[in-house]
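Here is how the chains run, residue by residue.
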Amino acid sequence: MRRIAPNSISRREFMRVSGVAAAGAVAVACGASGEPEPMEEAAPADSAADSSEAAPAAPSSQYSEAPMLAEMVAAGDLPPVDERLPVNPMVMPVSETNGNYGGTFRRGFKGVSDRWGPTKMQDRGLSWYDQNLNMQPRMAESWEINDDASEWTFHLREGMKWSDGTPFTTEAIRWWWEEDETNTTISPSIGGTWVSGPERTPMELEIVDDSTVTFKFPLPNPLYVYRLGRQTRNLYLPGHYLKQFHMDLTDDQDALQAQVEEAGFNSWEEYYTDRRWWYLNPDLPSIGPWISKNELSNELFLMERNPYFFGVDSDGKQLPYIDDVSHRLFETNDVFDLRIINGEIDFQARHVNIGNFTLYKENEESGDYKVFLGSASGHSAIQLNQSTKNERLNEFFNIRDVRIALSVAVDRVAINELVWDGLMTPRQYSPLESSAQAYPKQANAWIQYDPDLANQLLDDAGYAEKDSDGFRLWNDGSGETLSFVIEGTAQPGTTDEDTVQEVIKYFAAVGVKAAYKGFERSLYEEHHGANEIEAAWWGGDRTVVPLVNPTIWTCEQPDRPWAAGWAHWRNSGGTNPAGVEPPAGHWVWTIWEIWDAIKIEPDAEKQTQMFHQILDIWAEELPMIGYLGERPAPIIVKNGVRNYLAGFPLDDTTGDEHLLHTETYFWEDPDTQST
Amino acid sequence: MLQYIVQRILLMIPTLVAISVLSFLIIQLPPGDFLTSYVAQLRQEGDEVDEAELESLRQRYGLGQPVHVQYFKWIYGVLAKGDWGQSFEWQKPVKELIWERLGLTMALSMGALLVGWFIAIPVGVYSATHQYSWLDYVMTTFSFIGLGTPGFLLALIILFLVQSWLGMNVGGLFSDEYMLAPWSWGKVVDMLKHIWVPLLIVAVNGTAGNIRITRANLLDELNKPYVETARAKGVKEGALVWKYPVRVALNPFFSTVGWSLASLVSGTTLVAMVLSLPTTGPMLLRSLTSQDMYLAGSFLFLLSALTIVGTLLSDILLAIVDPRIRLE
């Protein structure tokens, strides 16, 4: 058994400094005064490794709590803070300084399906990222893995409690696995995180004792811990509460049936599933720093501090600092933008659009906020479907020189200036500079603007003949003009759509005819599902921790169809009728081979090394063509909000703007804030 | 009269059945289903949904079943239990969702309708009786501008002006503190503070159109012999105009009041979206784009039912107001 200390995963000089420098340059250009804060983490990096040896909670003076909770304790409605915290609470690192209690965060959301803003504020898993994007213990105190990384043992924090005060033990994990995830009525199939191999063999769960649990996989699973960072309905469930909605476990089945019918559900598992969502059921015990006070289907969704939250700051103050979080519904983004410039949004990146950067900056003063810039994971990129059913097009796209030509035919710098005010960086679709897997060789492959080379390559590829308009003809002698359709969901008037239109003009300049068609999203999904797409325009994201979510690189991601048919074939094990088997000896087989090896490679350095081998293929073959990336992502931060720093990547994998422990964000002076 | 009404009501039943079938079919027409758009959304957020999970979700929502099975399940629930089904997207019973928003929508639309006619009738009458006077030109200009400006544009402009001049955000119908509170005097006052903006915007279009209609109809009537006769007999001009030709000129009001029942629910959609109002319009639009079947189906059904009921009401009203109309 090896003990995982935080440093064991290779540390890399984190690129935030450069990120802040870039953001600063933009900010200065716009007349703002933002100075980067030092990037030291307040807690020592090895705190987690030491923490198990730390002294258990002693006299009541050791921890303190928010005034609103202290009142409840004084009134006898709540046990004292020492009893609510685990024996060894998580000491949260803070980005700037330890804070003070109070205040509300006001944010916006678009309806129940837009549950991610509130969810990412409050969901908690066993582990989480530090500022260097390495995984650190969070709900778990520590963990160990065996030599081939197929067995993961986690140690929970002893004495941790659900938001209703019930002890949180490994029973929560057992209950989730045995009564929910593997219960075929509730969950007909087991989620991808908990199975191995193409046969989807489920893991085995071994409950060692109340605070120790081992996950055993039939195959090595070295990246498992990365999947445990954000969990809201998986991994653990409050069985003591949910039991009453579970037909197999409830004490009174008739009463449950009556309840199900009264609530208007067809079956108990639907009702159970409804009750299991924290944002639909305020009564559901939770673990995160805030708990819901009402349902997300309201116009105003309220969250209030969880009195049993397991984290403290280094002064022993129980977190979170912020009392309440409220999300207000909006239908169109104009309304949301208006709220921003009116100063009614306290902290949010979601739905804040870089296209309106100038508007936000202009109103910084009157709205009393700052626009922070982080780096978004998305890119402007085109995917040529190399498995398209159109045979002539298939041949065209599968010529490497053609893809290179379509990369160098485009003047990235000019589009960047024209459409994006120069805010982006010309690059291929590639891990961000702040990622541990960053690979400049691939990021910068074939990004020069060289129309002569493009013409030369296309001519040599056998597409030299042109029609009277100067567009190239198919090479089959039919005399028909070569053309293809680029599909996407970018709507007219957006910067995204402007970019693709500009790219099409550059294609035309080298004689390649293409047209863009914007689709409603589900129609687009239908097309790609049937491998009907010729080419697609879709920003590639997941570039921060690509190892967690590599499917775009490995041709396993269906909705970025650089080879939709191959992806369907691979994902279904050849059974999907829309799937197409790649030609023998094609480089995509090598990518799959390498990825299958990464999946069972326990050593982090080697994982990155091998991932770079995949990127080498990408640099060589350009499976998809990226034009611009490192897009700055605006985050609205009201003046007086502390502990969130500019310059961090914003990606789903790392929780967007919630990366730096939301429970440690605070109001410098909560009394002056409206509630 | 009574026989006429009964006949009409009986005819409504097959119409409603046909409409319910049609609306359900129409929702099913676009490719994909709620899950396609739901999964699309999940993927956009980086959630992983693999094929097996997708299939299990499809089973749960009963989307794998043939359309007619889904339809009968739904209509049975509606008729037998008053259960309109569950909204997939909002994960709430449809009934609750619609009722929650219907009250406010009705208040807003009715208010706008009444305000619209309240202004339009006197202005239209003045315009017609003082045709080609300078005030007539002024009003005509205004009503054409009102007709030509889409409500949502007006809403955007007003939002911007109020924001930049008064620093006030006029979106929504309530302040934060009242949004979730139960109805109280304070909440009503708070609503009145907010509702005048959308009311005005929604009313403008209707008012402008109504002014033109009233004016044109009245102009037609004013030259008719019965007006001349009345005038010749010495009836005072004011009483004459208001008592006879105006009454006839108002026929369009009564014949359209029926359709406006349906537009009460959906008519203000664009304005409501721009102003972020908690009314039914935006919800209807979203349920259609996300193929949230039962919610969309219930809305379409409700709208159709309202149109039919409205038409009946119109006919009855017209029959009462205008004695020239025969019932056979």
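So, how was this worked out
Residues numbered from 1 in each chain as written. Chains lettered and ligands numbered in written order. Predicted model: local features only at pLDDT ≥ 70, side-chain atom pairs only at ≥ 80, totals over all residues. Helix = DSSP H or I, 4+ residues; strand = E, 2+ residues; numbered from the N terminus. Buried ≥ 20, exposed ≤ 12 C-beta atoms within 10 Å, placed from the backbone. Contact = placed C-beta atoms within 7 Å. Core = buried A, V, L, I, M, F, W, Y, C linked by C-beta atoms within 7 Å. Domains from an automatic or database assignment. pLDDT = per-residue confidence, 0-100. Nonpolar A, V, L, I, M, F, W, Y, C, P; charged D, E, K, R; others polar. Axes fitted to C-alpha atoms, helices over the stretch in contact; angles between N-to-C directions. Left-handed = near helix turned anticlockwise from the far one by under 90°. Pairing = 2+ DSSP bridges. Parallel < 35°, antiparallel > 145°, perpendicular 65-115°, else oblique.

Draft legend 1. Local environment of the overall build of chain A. For chain A, the helix and strand inventory stands at 22 helices and 27 strands. Residue burial in chain A is summarised as follows: out of 675 residues, 53% are buried.

Draft legend 2. Quick look at the overall build of chain B. A tally of regular secondary structure across chain B gives 16 helices and 2 strands. Across chain B, every contact between residues at least 6 apart in sequence was considered, and the portion connecting residues at least 24 apart equals 74%.

Draft legend 3. Fine view of the nonpolar core. Residues I382, A405, A409 and I636 of chain A are the most contacted members of the largest nonpolar core, which totals 230 residues. At 11 residues, helix α5 (residues 94–129) of chain B tops the list of elements feeding residues into this core. Each of domain 1 (2–238 + 285–371 + 644–672) and domain 2 (380–629) of chain A gives at least three residues to this core. Aside from chain neighbours lying at most four places away, what touches I636 of chain A is I340, I345, F347, Q348, V352, Y360, Y369 and V371 of chain A.

Draft legend 4. The arrangement of the confidence of the model for chain B in detail. All names here are of chain B. The pLDDT averaged across chain B works out to 80; a share of 88% of its residues lies at or above 70. Confidence scores differ between elements of chain B, with helix α2 (residues 34–44) showing the lowest mean pLDDT of 66 and helix α6 (residues 134–148) the highest of 90. Quick note on the complex model: pTM equals 0.79, ipTM equals 0.75.

Draft legend 5. Region of interest: the environment of S95 of chain A. Residue and element names in this part refer to chain A. Summarising the element assignment, S95 is placed in the loop between β2 (90–91) and β3 (104–109). Of the residues examined, S95 has 21 C-beta atoms within 10 Å and is grouped as buried. In this structure, the C-alpha to C-alpha distance between S95 and L660, residues 565 residues apart in sequence, is 7.1 Å.

Draft legend 6. Fine view of unusual backbone geometry. Residue and element names in this part refer to chain A. Omega for the peptide link from L319 to P320 comes to 0°, which places this bond in the cis form. By secondary structure assignment, the location of P320 is in the loop between β14 (311–312) and β15 (324–329). Located in the positive-phi region is W446, a residue other than glycine, with phi close to 55°. Topologically, W446 is positioned in the loop between α16 (440–443) and α17 (451–460).

Draft legend 7. The domain arrangement of chain A, seen in detail. All names here are of chain A. Entries for chain A in the domain assignment read domain 1 (2–238 + 285–371 + 644–672) and domain 2 (380–629). Opposite the 25 residues of domain 1 that make contact, domain 2 presents 22 residues. When its residues are assigned to classes, the side of domain 1 that touches domain 2 shows 14 nonpolar, 6 polar and 5 charged.

Draft legend 8. Representation of helix α14 (residues 400–408) of chain A in the model. All names here are of chain A. Across the 9 residues that make up α14, a large majority, 7, are buried. Every buried residue belonging to α14 is among V402, R403, I404, A405, L406, S407 and V408, and all of these are buried. In the core, the buried residues of α14 are packed alongside β18 (380–384), α13 (391–397), α17, α18 (495–509) and β23 (625–629).

Draft legend 9. Molecular detail of the packing of helix α15 (residues 412–420) of chain A against α18 of chain A. Residue and element names in this part refer to chain A. Running from N to C, α15 and α18 point in directions that differ by 145°, and their axes come no closer than 10 Å. Both α15 and α18 take part in a crossing whose hand is right-handed. Taken together, the residues of α18 that come into contact with α15 (itself represented by I415, L418, V419 and W420) are T495, D498, T499 and E502.

Draft legend 10. Representation of the sheet that holds strand β16 (residues 347–348) of chain A within the structure. Residue and element names in this part refer to chain A. In spatial order, the strands read β16-β24-β17-β26; together these 4 strands make up an open sheet with mixed pairing. Strands at the two margins of the open sheet, each flanked by one partner only, are β16 and β26 (649–650). Strand direction decides the pairing type here: β16 and strand β24 (residues 632–638), joined by 2 bridges, are antiparallel. Looking at the pairing, Q348 lines up with I636 of β24.

Draft legend 11. Broad picture of the sheet that holds strand β13 (residues 300–305) of chain A. Residues and elements named next belong to chain A. Ordered by their spatial adjacency, 4 strands build an open sheet running β3-β15-β13-β12, and the pairing between neighbours is mixed. In this open sheet, the two strands that pair with only one neighbour each are β3 and β12 (290–292). Pairwise comparison of adjacent strand axes, ignoring direction, gives a mean angle of 25° for this sheet. Here β13 pairs with β15 via 5 bridges, running antiparallel. Bridging from a neighbouring strand, F301 pairs with H327 of β15.

Draft legend 12. Main features of the pairing of strand β10 (residues 204–209) of chain A. All names here are of chain A. Of all the 6 residues making up β10, 0 are buried; the element is thus mostly uncovered. Bridge count for β10 against strand β11 (residues 212–216) is 5 bridges, and the pairing is antiparallel. Bridging from a neighbouring strand, E204 pairs with K216 of β11. Linking β10 back to β11 in an antiparallel pair, the connection comprises 2 residues.

Draft legend 13. Local environment of the packing of helix α21 (residues 587–599) of chain A against helix α22 (residues 604–621) of chain A. Residues and elements named next belong to chain A. Running from amino to carboxyl end, α21 crosses α22 at an angle of 165°, the nearest separation of the two axes being 9 Å. Accordingly, the angle class assigned to the pair α21 and α22 is roughly antiparallel. Of the two elements, α21 crosses α22, and the hand of that crossing is left-handed. Contact residues: W587, T590, I591, I594, W595, A597 and I598 in α21; Q607, M610, F611, Q613, I614, I617 and E621 in α22. Taken together, the residues of the contact of α21 with α22 sort by class into 10 nonpolar, 3 polar and 1 charged.

Draft legend 14. The pairing of strand β6 (residues 140–145) of chain A, seen in detail. Residue and element names in this part refer to chain A. A large share of β6 lies buried, amounting to 5 of its 6 residues. Looking at chain direction, β6 and strand β7 (residues 151–156) are connected through 5 bridges and run antiparallel. Of the residues in β7, the one forming a bridge with W143 is F154.

Draft legend 15. Quick peek at the environment of E96 of chain B. The topology assignment puts E96 of chain B in helix α5. Residues E96 of chain B and W84 of chain B, 12 residues apart in the sequence, show an inter-C-alpha distance of 9.4 Å.

Draft legend 16. Quick look at the environment of D323 of chain A. All names here are of chain A. Turning to its location among the elements, D323 is positioned in the loop between β14 and β15. Taking the C-alpha atoms as reference points, D323 and A381, separated by 58 residues in sequence, lie 42 Å from one another. In contact with D323, other than residues within four places in its own chain, are A66, M68, G102, G103, T104 and R305.

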